[in-house]
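Structure assessment
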Amino acid sequence: MTTHAAVAAPGARLKKALRRRDDHGGTPRLSPQWTFVAWLATLAFFAPVAWMVLTSFHQEADAATNPPSPLAPVTLDQYKLLFSRDITPFLLNSTMASVISTLLVLVLAVPTAYALSIKPVQKWTDVMFFFLSTKFLPAIAALLPVYLIVKDAGMLDNVWTLIILYTAMNLPIAVWMMRSFLAEVPKEILEAAEVDGAGLPTVLLRIVAPVAMPGLAATSLICFIFSWNEFMFAVNLTATNASTAPVFLVGFITSEGLFLARLCAAATLVSLPVLIAGFAAQDKLVRGLSLGAVK
């Protein structure tokens, strides 16, 4: 065998192995037993959600039976009652608070993560620890001072109060996530852009953002979910004008009893935006959460 053939042989074997890996979808296949176990686990996690959706189409009398009757008549009465109670403002408040706070978090977190990863500032580890330390204090411990500050500022029952709080709550998480994502951006691309005279806004919008799009999608979805599901500040700082969807759900737990079917219908409606957003971004979410996990 010639020297050239000896050197080329490992490369040929590597290409053949990669081609074989691509032919199988890029990942090893599970055995039928593990596939069956995976399906069982999926059904176990999905069963409560499916039961909630099914119960939302029943009457209260059928939903309260023990044992439950899954074959009870199906009706849309619970959803009609929900909209008759005007759930729309609560959903709009949640959407406004979650979407705007998520956008603000991204606007603040991306340049910060850029400065901590691609162009690291001095003592950047101390900066990262500072962001992490803001999550040490339980939110309930900050409720009273936050309430007094908001009251003195005249911003009780204001959706912009929730937007500011949600932005502050999610910013440390977003900075930590985006730093790990941006650390994977090839430095050669950024150096080439700087040689061509690109400024920081151009680098962030036209180079960093497309490369780190899976990370942006994952960070956005997580911040959106945290904002959408937040309850403590929403129930204590809002009354009628700025109440969010989680606060609306509490209204079905009364001294008269638990309206189970109506609560399931409301929970289904409140869960839909998060489910739709997760389904729409599932490919980028998986890539984003696994980005940087394997060197």
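Cut-offs and rules
Residues numbered from 1 in each chain as written. Predicted model: local features only at pLDDT ≥ 70, side-chain atom pairs only at ≥ 80, totals over all residues. Heavy atoms only, no water. Helix = DSSP H or I, 4+ residues; strand = E, 2+ residues; numbered from the N terminus. Buried < 20%, exposed > 50% of the residue type's maximum accessible area, 1.4 Å probe, protein only. Contact = heavy atoms within 4.5 Å. Areas by Shrake-Rupley, 256 points an atom, 1.4 Å probe, with all protein chains shown as cover. Expected span 1.5 Å × (residues − 1). Bend = angle between axes of the 7 residues up to and from the residue. pLDDT = per-residue confidence, 0-100. Axes fitted to C-alpha atoms, helices over the stretch in contact; angles between N-to-C directions. Parallel < 35°, antiparallel > 145°, perpendicular 65-115°, else oblique. Left-handed = near helix turned anticlockwise from the far one by under 90°. Nonpolar A, V, L, I, M, F, W, Y, C, P; charged D, E, K, R; others polar. Phe/Tyr/Trp six-rings, centres within 6.5 Å; stacked < 30°, edge-to-face > 60°. Lys NZ or Arg CZ within 6 Å of the ring centre and 35° of its normal.

**Let's talk about the overall build of the protein**
- On a plain count of helices and strands, the protein comes out with 15 helices and two strands.
- For the protein, buried positions account for 36% of its 295 residues.
- For the protein, the proportion of contacts with a sequence separation of at least 24, taken over those separated by at least 6, is 76%.
- On the protein, roughly 18000 Å² of surface is accessible, and the fraction owed to carbon and sulfur atoms is 70%.

**Let's talk about helix α14 (residues 260–280)**
- An ideal rise of 1.5 Å per residue puts 30 Å on 21 residues; α14 measures up with 30 Å between its terminal C-alpha atoms.
- Bending of α14 peaks at approximately 35 degrees at the position of Leu272, with proline Pro273 no more than four residues after it.
- Looking only at α14, the buried set comprises Ala261, Arg262, Leu263, Cys264, Ala265, Ala266, Ala267, Thr268, Leu269, Val270, Val274 and Gly278.

**Observations regarding the confidence of the model for the protein**
- The pLDDT averaged across the protein works out to 80; a share of 84% of its residues lies at or above 70.
- Across residues 1–11 the pLDDT falls below 50, and counting only partners more than four positions away or on other chains, this stretch makes one contact in the model.
- Predicted confidence is poor over residues 20–26, with pLDDT under 50, and the contacts of this stretch with residues over four places away or in other chains come to two contacts.

**Observations concerning the environment of Phe226**
- By the secondary structure assignment, Phe226 is in helix α11 (residues 213–229).
- Phe226 sits 124 residues away from Thr102 along the chain, and the two C-alpha atoms are 9.7 Å apart.
- Once residues within four sequence positions are removed from consideration, Phe226 is found in contact with Asn170 and Ile173.

**What to know about the packing of α11 against α14**
- Viewed as axis vectors pointing N to C, α11 and α14 meet at an angle of 175 degrees, and their least axial separation amounts to 11 Å. The orientation of α11 relative to α14 falls into the category roughly antiparallel. Residues Leu221, Phe224, Ile225 and Trp228 of α11 form the contact with α14, whose participating residues are Val270, Pro273, Val274, Ala277 and Gly278.

**A word on the environment of Pro186**
- Locating Pro186 in the fold gives a position in the loop between α8 (159–182) and α9 (187–195).
- Relative accessible area serves as the criterion here: at 34%, Pro186 is assigned to the partly exposed category.

**Brief notes about the packing of α9 against helix α10 (residues 200–211)**
- For the pair α9 and α10, interaxial distance at closest approach is 11 Å and the crossing angle is 145 degrees. Considering the relative orientation of α9 and α10, their crossing is right-handed. Where α9 approaches α10, its residues Ile189, Leu190 and Ala193 are matched on the opposing element by Val203, Ile207 and Val208.
- A per-class count over the contact of α9 with α10 returns six nonpolar, no polar and no charged.

**Description of the packing of aromatic side chains**
- Across all of its chains, the model carries five aromatic pairs by this definition.
- Taking the centre distance of 5.2 Å and the plane angle of 40 degrees together, the rings of Phe57 and Tyr79 count as tilted. Here Phe57 is found in the loop between α2 (32–55) and α3 (60–63), whereas its partner Tyr79 is found in helix α4 (residues 77–84), with 22 residues between them in sequence.
- Exposure remark for Phe57: the relative accessible area of 24% places this residue in the partly exposed category.
- Taking the centre distance of 4.8 Å and the plane angle of 50 degrees together, the rings of Phe90 and Phe248 count as tilted. Remark: Phe248 occurs in helix α13 (residues 245–250) and Phe90 occurs in helix α5 (residues 88–117); sequence separation between them is 158 residues.
- Residue classification places Phe248 among the buried positions, given a relative accessible area of 5%.
- The ring of Phe259 has Arg262 sitting right over it, with the charged end atom 4.8 Å from the ring centre.

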